[in-house]
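# Structural overview
Listed below, chain by chain, are the residues.
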Amino acid sequence: MNDYPHLLAPLTVGDLTLRNRVVMGSMHTGLEDYAWDVPKLAAYFAERARGGVGLIVTGGYAPTKRGWLKPFASELSSRLQAERHKQLTGAVHDEGGAIALQVLHAGRYGYTPFSQSASDRKSPITPFTPAAMSTRQVDRTATAFAHTAALAQKAGYDAVEIMGSEGYLINQFLAERTNDRDDQWGGTPTRRMRFPVEVVRRTREAVGDGFPIIYRISLLDLVEDGQTWEEVVELALLVEQAGATVLNTGIGWHEARVPTIITQVPRGAWTWATQRLRKEMGIPVCASNRINTAELADQLIADGTADLVSMARPLLADPDFVNKAAAGRADEINTCIACNQACLDHAFANKRVSCLVNPRACRETELVLLPTKRRSTVAVVGGGPAGLSAATSYAERGFAVTLFEKDAELGGQFRLAMRIPGKEEFAETMRYYARRLEVLGVTVRLGVAATVADLEGFEEVVVSTGVEPRIPEIRGIEHAVSYADVLNGSVTPGRRVAVIGAGGIGVDVAHWLTHTPSRDGEELDDWLAHWGVGDPSAVAGGLTERRPRTPAREVYLVQRKTSMIGKDLGKTSGWAHRAVLRQSGVEQISGASYDLIDEAGLHLTVDGAPLLLEVDDVVVCTGQESVRHLYDELVAAGRTTHLIGGAAVAAELDAKRAIEQGLRLAARA
Ligand code: NAP
Ligand code: SF4
């Protein structure tokens, strides 16, 4: 018996018996597109299969060129291409796993001038206007889906998933928003459903009985003129009749202006919709989106919300997720913190996907921690993300590691980040590292600001002493407080606050200042109301009027640049942070120069005119300076010393880079 008996129980779908209910959901990694990356993709999948996951779903493969996500993106439409996939399916089967190929036609989300859709309505998130498909082209595209599925079956895949959510072509046929056709593929809800139903019917014909077909259905479109709940249920039943074996569930089109998976979305925020659909269905239903712990996943199966649970990013963060859960070692799982910084932000920037908390993801063949031949002694000074990563990576290789941290707790800047509303998940990374240090036997010396003398006797020293807040030269700066003092609770700001500096931390601090906590047990309802998510039976697409929370304070967010505030935040989360600022009534001032801070408040000049912000407190978020005096002293003393993280470069300080640097340093030691 294990701690998660429902999640880890086998399930038979069609002719396939899965060893457990954990599905690694589809993610485009950037390794799908070129033949030379196939061995890397095989290693990435094999590591997850070895880690015990029940079913892996590949990134999306287009059934036709017109369905590409971008020029020369992944496509499976020929026998030659199918032949290459045998490396992937073989690698997964060798590890006892199962793998499904996802068939995805991008429709108007295709980043190519040749994109096609149900109509010629351009999407708000791509620059290209799609061509409206002719009646014949629609028919041929439905057959192309089936052809790709048959090729996948021949290439050794155990199942296929038909991508019918997130706003791709199938959704574009289903919603009035994007389908204004008057032929047999449009005009009424039932005719708009004909395309996905034909896709599934023809796929079933092509792959025969028993081969599992997963259909990913959009439960809530979260866009105007999306499907109604009655239409979603009707479609689900039609798709089941047409031959689908499993329904996977998706939430929100990519163009939706409601966050669906970033860290501020409460865990399990969408499972109520999955539960509602499952009650109507005869076939297994899979829950997805913001599920990142074995505990929650198990509970969803135990309470009848779903039959399977899809976790995509959590398997990027920890390939051994399932094995650890099964072995009673769930506290050793490297939990996905839903930051999107190295996965989706990379995918949308056309860069290879990885993971902030696991930089080995998608680099399994390149970043390898081999056992060391000699157990030399290593001191790591500073227990922020860079130091934690270095200490655990060196220890994993077999070095004898001592970690020094001047504070009473580990974490550095991460401890401040996890105080921001919606970033509580960052605490999981702290829990992971604390446990990992214990498991690997790293000696941890808290409350010790290591000196050169303390480091005598260590063969190597890694300095990861981090950063300290920059104090800008502004007249009266002594009247201001730093963000660190606010977030760590040393200072409680008043009702009216000005924030100087509008980088990532300024935006986060403005959010912290304006946030009104929900009453216990009402967090999810408040969050859904705040973003305008309504009952899909009452409002099409589940979208209703927003009811933003009343802000806790009146906040001004000020910067010197004239550009838009928050412009440089992450691609997939920046828009949501900017929306939170607007919804919280944060007054944004760009192009300011700072004249004076005094009892009256913050004196600025904006567009040549003086402006006084009469505030109770001024919080400084003007970046950081490296703390590196120890490094300089060690180098002067001729010691073998490495400098990583914010201590090396404070500008663009970021946990993704810090954790990767720690790992890379240990890998080549
Ligand atoms: P930052 O991004 O460098 O922003 C600090 C801002 O302060 C600068 O943009 C600058 O803007 C202003 N500034 C700098 N020196 C100043 C001076 N001497 N006087 C007055 N203003 C000055 O630093 P941060 O906000 O501390 O963020 C640190 C890192 O954490 C960044 O890499 C950031 O991306 C990351 N982070 C990201 C997020 C997120 O994506 N949500 C959240 C938190 C942190 P002006 O000169 O225009 O005023
Ligand atoms: Fe999760 Fe962030 Fe890693 Fe993406 S980069 S998998 S969101 S922890």
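Description of the structure in this document.

About the cut-offs
- Numbering of residues starts from 1 in each chain and follows the order in which that chain's sequence is written.
- Both sets of labels track the order of writing: A upward for chains, 1 upward for ligands.
- At least 70 in pLDDT is required for a residue's local features to be given in this predicted model, at least 80 for side-chain atom pairs to be given and counted, and no such filter applies to totals for whole chains, interfaces and linings, which use all residues.
- The side-chain figures draw on all heavy atoms in the structure; neither hydrogens nor water molecules are used.
- Helix numbers and strand numbers start at the N terminus; a helix is a DSSP run of H or I with at least 4 residues, a strand a run of E with at least 2.
- The globule rule used here is 2.2 Å times the number of residues to the 0.38 power, and the radius of gyration it is set against is calculated over C-alpha atoms.
- Residue exposure (1.4 Å probe, protein chains only): buried if accessible area is under 20% of the type maximum, exposed if over 50%, otherwise partly exposed.
- Expected helix span is computed as 1.5 Å times (number of residues minus one).
- Contact criterion: two residues are considered in contact whenever any of their non-hydrogen atoms come within 4.5 Å of each other.
- At least two bridges found by DSSP between two strands is the condition for calling them paired.
- Definition used in this section: a nonpolar core is a set of buried Ala, Val, Leu, Ile, Met, Phe, Trp, Tyr and Cys residues joined via side-chain atoms within 4.5 Å.
- Throughout, an axis means a line fitted to C-alpha atoms (over the contacting stretch in the case of helices), and angles, computed between N-to-C directions, take values from 0 to 180 degrees.
- Working definition: roughly parallel below 35 degrees, roughly antiparallel above 145 degrees, roughly perpendicular at 65 to 115 degrees, and oblique for all remaining angles.
- Left-handed describes a crossing whose near helix is turned anticlockwise from the far helix by less than a right angle; the clockwise case is right-handed.

Here we come to the overall build of the protein chain. Assigned secondary structure in the protein chain consists of 21 helices and 27 strands. A compact globule built from 669 residues would reach a C-alpha radius of gyration of about 26 Å, and the protein chain, at 26 Å, matches this within 12%. Oriented by its inertia axes, the alpha-carbon framework of the protein chain measures out at about 75 × 65 × 45 Å. Within the span of the protein chain, comprising 669 residues, buried residues form 60% of the whole.

For the rest of this paragraph, the subject is helix α6 (residues 194–207). Here α6 is 14 residues long and its end C-alpha atoms lie 20 Å apart, about the 20 Å a rise of 1.5 Å per residue gives. Burial within α6 is extensive, with 10 of its 14 residues counted as buried. Those residues of α6 not exposed but buried are Phe195, Pro196, Val197, Glu198, Val199, Val200, Arg202, Thr203, Arg204 and Val207. On its buried face, α6 sits against α3 (135–154), β8 (159–164), α4 (169–174), α5 (189–192), β9 (213–220) and α7 (229–242). Directly after α6, the chain includes Gly208, whose backbone phi takes a positive value near 80°.

So, about the pairing of strand β22 (residues 592–598). As paired strands, β22 and strand β23 (residues 601–606) are joined by 6 bridges and run antiparallel to one another. Looking at the pairing, Ala592 lines up with Val606 of β23.

Ranked by size, the top nonpolar core spans 150 residues in total, and within it Phe195, Tyr215 and Trp270 carry the most contacts. If near-sequence neighbours (up to four positions away) are discounted, Trp270 is found in contact with Leu220, Leu222, Ile251, Val258, Pro259, Thr260, Val265, Asn289, Trp527, Leu528 and Val533. Counting 21 residues, the second largest nonpolar core, distinct from the first, contains Val481, Val507, Val555 and Ile565.

The topology assignment puts Val357 in the loop between α12 (344–348) and β13 (377–381). Note on Val357: relative accessible area 6%, which makes it buried. Considered as a pair, Val357 and Pro385 are 28 residues apart in the sequence and their alpha carbons are 9.2 Å apart. Once you skip the residues sitting within four places of it in the chain, Val357 turns out to touch Ala317, Asn334, Thr335, Ile337, Thr429 and Ile659.

Turning next to the packing of helix α13 (residues 385–397) against helix α21 (residues 655–667). With their axes 7 Å apart at the nearest point, α13 and α21 run at an angle of 25° to one another. Judged by the angle between their axes, α13 and α21 are roughly parallel. Two packed elements cross with a definite hand, and for α13 against α21 that hand is right-handed. Between α13, through Pro385, Ala386, Ser389, Ala390, Ser393, Tyr394 and Arg397, and α21, the contact on the second element is made entirely by Ala655, Ala658, Ile659, Gly662, Leu663, Leu665, Ala666 and Ala667.

Within the element layout of this structure, Pro536 appears in the loop between α18 (523–530) and β20 (554–558). With 304 residues separating them along the chain, Pro536 and Val232 place their C-alpha atoms 9.5 Å apart. If we ignore the near neighbours within four places in the chain, the residues touching Pro536 are Leu220, Thr228, Trp229, Trp272, Arg276 and Gly542.

Purely spatial values, then, with no claim about function.
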